[in-house]
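Listed below, chain by chain, are the residues.
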Amino acid sequence: SRTLAFLGLGAMGWPMAAQLARHTKETGGRTLVWNRTQAKADAHAREFGSEAAALPEVAAADVIFSCLPTSAEVDEVLTALGGQLRAGAVWVDCTSGQPEAARRQAAGLAGRGVAFLDAPVSGGPGGAAAGKLTVMVGGDTAVLERVRADLAFAAKVVHVGDVGAGFAVKAINNTLMAVNMWAAGEGLAALARTGVDLHAALDVINASSGRSYPTEALIPQRVLTREFPVTFQLGLLAKDAGIAAEVVQDARASAPVLTQVAALYRAAAHSIGAEADYSAALKLVEQMNGTEIK
Ligand code: NDP
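*Asks:* Can you explain the packing of helix α11 (residues 234-250) against helix α12 (residues 256-272)? Please cite residues and give values.
*Replies:* Where α11 meets α12, the axes come as close as 8 Å, and the angle between the chain directions of the two elements is 155°. By the angle between their axes, α11 is roughly antiparallel relative to α12. The handedness of the crossing between α11 and α12 is left-handed. Of α12, the residues touching α11 (which contributes L234, G235, L237, A238, A241, G242, A244, A245 and V248) are L258, T259, V261, A262, Y265, R266, A268, A269 and I272. The residue makeup of the contact of α11 with α12, split by class, is 14 nonpolar, 3 polar and 1 charged.

*Asks:* A description of the environment of D197 should follow, citing residues and the corresponding values.
*Replies:* Take D197: it is sitting in the loop between α8 (165-194) and α9 (198-205). For D197, a count of 10 C-beta atoms within 10 Å gives the class exposed. Linking D197 and I293, residues 96 residues apart in sequence, is a C-alpha distance of 9.8 Å.

*Asks:* I'd like a description of the domain arrangement of the protein, backed by residues and values.
*Replies:* For the protein, the domain assignment lists domain 1 (3-162) and domain 2 (168-289). Centre-to-centre, using C-alpha coordinates, domain 1 lies 29 Å away from domain 2. Each partner contributes to the interface: domain 1 provides 12 residues, whereas domain 2 provides 14 residues. Grouping the amino acids of the side of domain 1 that touches domain 2 by side-chain chemistry returns 7 nonpolar, 5 polar and no charged.

*Asks:* I'd like to hear about the site of the ligand, residue by residue, with values.
*Replies:* The immediate surroundings of the ligand are formed by 26 residues, with G10, A11, R36, T37 and F232 found nearest. Broken down by secondary-structure element, the contributors of at least two residues to the shell around the ligand are α4 (71-81), β7 (121-122), α6 (124-129) and α11. For the shell around the ligand, the leading source of residues is α4, giving 3 residues. There are two domains that each give the shell around the ligand at least three residues, and those are domain 1 (3-162) and domain 2 (168-289).

Reading the values: the criteria
- Residues numbered from 1 in each chain as written.
- Predicted model: local features only at pLDDT ≥ 70, side-chain atom pairs only at ≥ 80, totals over all residues.
- Axes fitted to C-alpha atoms, helices over the stretch in contact; angles between N-to-C directions.
- Helix = DSSP H or I, 4+ residues; strand = E, 2+ residues; numbered from the N terminus.
- Parallel < 35°, antiparallel > 145°, perpendicular 65-115°, else oblique.
- Left-handed = near helix turned anticlockwise from the far one by under 90°.
- Contact = placed C-beta atoms within 7 Å.
- Nonpolar A, V, L, I, M, F, W, Y, C, P; charged D, E, K, R; others polar.
- Buried ≥ 20, exposed ≤ 12 C-beta atoms within 10 Å, placed from the backbone.
- Domains from an automatic or database assignment.
- Near = placed C-beta within 6 Å.

Structure representation (structure tokens):
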């Protein structure tokens, strides 16, 4: 029977691993979970029937998933696992990582007979809990077919290219969202200063061509309400925009808006706080305009 392992039970990893546990319960396999703070893995096992494991124990799995903050933490766990991984295993990294790190990690794992896919996700903790994530996969298509049935947290899985391509697409996706949110924040702050009611402004924008995910969902739900609930840390979005800037640089592309927005989110993470929700980036736009978006 098949053994899956999941490393990193954070905002995303916790519900993703719950989907794996549900899947292996149905198919007669096992789901091992490891987390740096072990109490979370024990709690996951109690709640979902996964099995809390020590790091060396996950090396026995057929498929190892990781979802850690950045590629640097993935490097740490790869180093800690050392040569213990089994030839024939597949490592599926669901971190929003760096393409260059993926290529380096894949080459290192290939030497031990372990295949690597970069498989970052979109849809947030709610999408993960519903098993409705979108997955963008870089790597060998034959390897993807070996694990496709294990991606129990996904509603849509798209192969986008060689190793690293998944991370590149994810970074650009999140940066497009970041551009839309920042631009909407600037526009709404300007309207607030002119005395326009922002609920009315969003109502009409969302029935017009300026609408976006931030105008339709994020800003009404998180900014106007002043709730800014933390589901995705601002520091992680700043990291994603930084990766997009690296993608632009490596491709010798010309993308002044994307690289500018990376600098703006870095500034927001420094001034508002990296652990705030990503929607709190608009607090910096508010400060820049001496007004509130409410
Ligand atoms: P969280 O901060 O909620 O979770 C981070 C996880 O990484 C925790 O399990 C934490 O363990 C672990 N961790 C942190 N540092 C280390 C380390 N040095 N060694 C081992 N484990 C470590 O992050 P998210 O779940 O929100 O994000 C994870 C990834 O998914 C990021 O790349 C993010 O960009 C991406 N992502 C996030 C989305 C979201 O909506 N939140 C959506 C899509 C992608 P511990 O419990 O011990 O702190």
